Amino acid sequence: MVSIIVAFPKVENGKSIKNILVKHGFHVSAVCTTGAKALQHADLLGEGIVICAGRLADMMYAQLREYLPGSFEMLAVLSPDAWEEQGMGQVTCLAMPLKVHELAGAVERLADSMERRRKRKKPRQAKRSEADTQAIKKAKEILMARNGMAEEEAHRYLQKSSMDSGTGLAEAARMFLAMVEK
């Protein structure tokens, strides 16, 4: 679940946005009135979404975006005249007056985008070592010989054992081989 920081100069506005987001199933980590506080929370969280007004007590939304880590998305709520001047490609903007369904939809799109990016960056599983491959192969051969299983059935059996024990496939195969050798 993505963490959200809400930054508005008036705490009441920030709390209202927080309540809307919570009702739509989002997790709001902090409500701030300054950009400095939003940056402090961003450093603690590491990644997430910042929803802010165009002008905070200590900085403009463009400055906040500049100082935020790259792992954060920003949604700025701007007045129509500031909307015209908006030219930053790294910021998603919504015009005032704010509509609840537009806010929820924009946050949902940003969260989905972050999730897709996170999945792409997820490290790929390393190739199995030769010893792991041999253990899996030997365990499957024993299952096929003793239980009359096809190779796919033996593999599924090892996978299920792996999931049930909370270990990797190679470790499950080694445990099976240890039981058989007793």
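Scroll up to find the structure this text is about.
Throughout what follows, the structure given in this document is the object of discussion. Bear in mind that the values here come from a model prediction, so they are computed numbers and not experimental data. Residue numbers run consecutively from 1 along every chain, following the written order of its sequence. Local features in a predicted model are, by the rule used here, given only for residues with pLDDT of at least 70; side-chain atom pairs are given and counted only at 80 or more, and totals for whole chains, interfaces and linings are based on all residues. With hydrogens and water set aside, each side-chain value is computed from the structure's full complement of heavy atoms.

Describing the pairing of strand β1 (residues 3–7)
Here's step 1: Of all five residues in β1, five are buried; the element is thus mostly enclosed.
Here's step 2: Bridge analysis of β1 against strand β2 (residues 27–32) gives five bridges, and the strand direction is parallel. Across the sheet, the residue bridging to I4 is V28, located in β2.
Here's step 3: Remark: the β1/helix α1 (residues 11–23)/β2 crossover connection has right-handed handedness. Here's how the labels work: a residue is buried when its accessible area is under 20% of the maximum for its type, exposed when over 50%, partly exposed in between, all with a 1.4 Å probe on protein chains only. Strands here are runs of E lasting at least two residues and helices are runs of H or I lasting at least four, both read from the DSSP assignment and numbered beginning at the N terminus. Two strands qualify as a pair provided DSSP detects at least 2 bridges between them. Call a crossover right-handed when, viewed with both strands pointing away from you, the route from the first strand across the helix to the second goes clockwise.

Some thoughts on the environment of K23
Here's step 1: Its location among the elements puts K23 in helix α1.
Here's step 2: You can call K23 exposed: its relative accessible area is 75%.

A closer look at the sheet that holds strand β5 (residues 91–95)
Within a beta sheet, neighbouring strands are joined by backbone hydrogen bonds and run either parallel or antiparallel to one another.
Here's step 1: Strand order in this open sheet of five strands is β2-β1-β3-β4-β5, and the pairing throughout is parallel. Each edge of the sheet is formed by a strand with only one pairing partner; in this case those strands are β2 and β5. On average, each strand axis in the sheet is inclined to that of its neighbour by 20 degrees, with strand direction left out of account.
Here's step 2: Should any heavy atoms of two residues lie within 4.5 Å, those residues are counted as being in contact. All axes here are fitted lines through C-alpha atoms, helices being fitted over the stretch that makes contact, and every angle between N-to-C directions spans 0 to 180 degrees. Strands β1, β3 (48–53), β4 (72–78) and β5 of the sheet are contacted by helix α5 (residues 100–121), whose axis makes an angle of about 165 degrees with β4.

Comments concerning the packing of helix α7 (residues 151–165) against helix α8 (residues 169–181)
Here's step 1: Put simply, α7 and α8 touch, their axes get as near as 8 Å, and they point 100 degrees apart. As summarised for this structure, α7 and α8 are arranged roughly perpendicular, according to the angle between their axes. Here H155, Y157, L158, Q159, S161, S162 and S165 of α7 lie close against α8, whose contacting residues are L169, A172, A173, M175 and F176. Should an angle fall under 35 degrees it is called roughly parallel, over 145 degrees roughly antiparallel, and 65 to 115 degrees roughly perpendicular, with every other angle called oblique.

Topic: the packing of aromatic side chains
Here's step 1: Two aromatic rings, drawn from Phe, Tyr or Trp (for Trp, its six-membered ring), form a pair once their centres lie within 6.5 Å of each other, and the interplanar angle then sorts them: stacked below 30 degrees, edge-to-face above 60, tilted otherwise. Counted under the stated rule, the structure contains one aromatic pair.
Here's step 2: Judged by centre distance (6.3 Å) and plane angle (75 degrees), the ring pair of Y157 and F176 falls under edge-to-face. Of this pair, Y157 sits in helix α7 while F176 sits in helix α8, placing them 19 residues apart in sequence.
Here's step 3: Residue classification places Y157 among the partly exposed residues on the basis of a relative accessible area of 37%.
Here's step 4: Under the relative-accessibility criterion, F176 is labelled buried at 12%.

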